[in-house]
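Next come the chains, spelled out residue by residue.
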Amino acid sequence: MDLATMTTEILRKIPQSMIPTAADGDLIRSHQKFFRQHQEAVIKGFYDLAFSDASTQGHLNPAERPARENTLREWYKITTSGHFDDHYWTWQALVGIVHVKHNISNSSMLSMWGWIINFLQTRLLQELPAAEALAAIQVLQKVQATVCSLIVESFILTQQEAITRASGLNPAIQRRFIQIEIDTMLRQGRATLQNRMLQAAA
């Protein structure tokens, strides 16, 4: 599946009301002063956390920090410019493929996205009138939902397609094998939870 098709298919699975519109982009652009003001604090805080936390620092090389900061800075500038078009969404789907290449987990990505949103919404509420702040936060949450959906789904689809190509298995047979393993894991998980619930009730 090519990148543009993958992006389109993922976007179709997202409720349309949760995908940022042109009007949402206009609203973000109307707060450019705010976003520029906090740009460097976002970059520094993001990587201060990523490089200091045991769950993320293992995948990071301190020598690469300046380059990583420049990448995040470029992403931040483009994202806060509010141009949420097909090119932007395709770029976000590509990020998922990059994450597969560099072994960046979805849990790490989602957690760090949460950090960015928390950082920005706290300052929006501190610095803007309440109604304006809440409107901007709602758009940021839509951006978060759409971007994270694209990254997670493209990550999963890329891994699945790579495994299919590498194994040479017929996709239908591979899906059957996967389903068998999922059923086994479900039985094990339910048994574990049931045993713990019984122990807790004893």
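Analysis parameters
- Residues numbered from 1 in each chain as written.
- Predicted model: local features only at pLDDT ≥ 70, side-chain atom pairs only at ≥ 80, totals over all residues.
- Heavy atoms only, no water.
- Helix = DSSP H or I, 4+ residues; strand = E, 2+ residues; numbered from the N terminus.
- Buried < 20%, exposed > 50% of the residue type's maximum accessible area, 1.4 Å probe, protein only.
- 1 Å grid on protein atoms, 1.4 Å probe; cavity = no way out; pocket = protein on both sides within 12 Å on 5 of 7 lines; lining within 4 Å.
- Points joined across faces, edges and corners; volume = space filled by probe spheres on them.
- Nonpolar A, V, L, I, M, F, W, Y, C, P; charged D, E, K, R; others polar.

A. Up close: unusual backbone geometry. Positive phi outside glycine occurs at Asn 103, with the angle close to 60°. You can see Asn 103 is positioned in the loop between α6 (86–101) and α7 (106–127). By relative accessible area, Asn 103 is classed as exposed at 52%.

B. Summary view of the layout of surface pockets. As a volume, the largest pocket reaches approximately 800 Å³. In terms of lining residues, the largest pocket is bounded by 28 residues, among which Tyr 47, Arg 68, Val 95, His 99 and Ile 104 are the most central. Of all the secondary-structure elements, those providing two or more residues to the lining of the largest pocket are α3 (32–52), α5 (65–79), α6, α7 and α8 (130–167). A class-by-class count of the residues in the lining of the largest pocket yields 18 nonpolar, 7 polar and 3 charged. Reported here for the second largest pocket is a volume of approximately 170 Å³. Of all the secondary-structure elements, those providing two or more residues to the lining of the second largest pocket are α8 and α9 (171–201).

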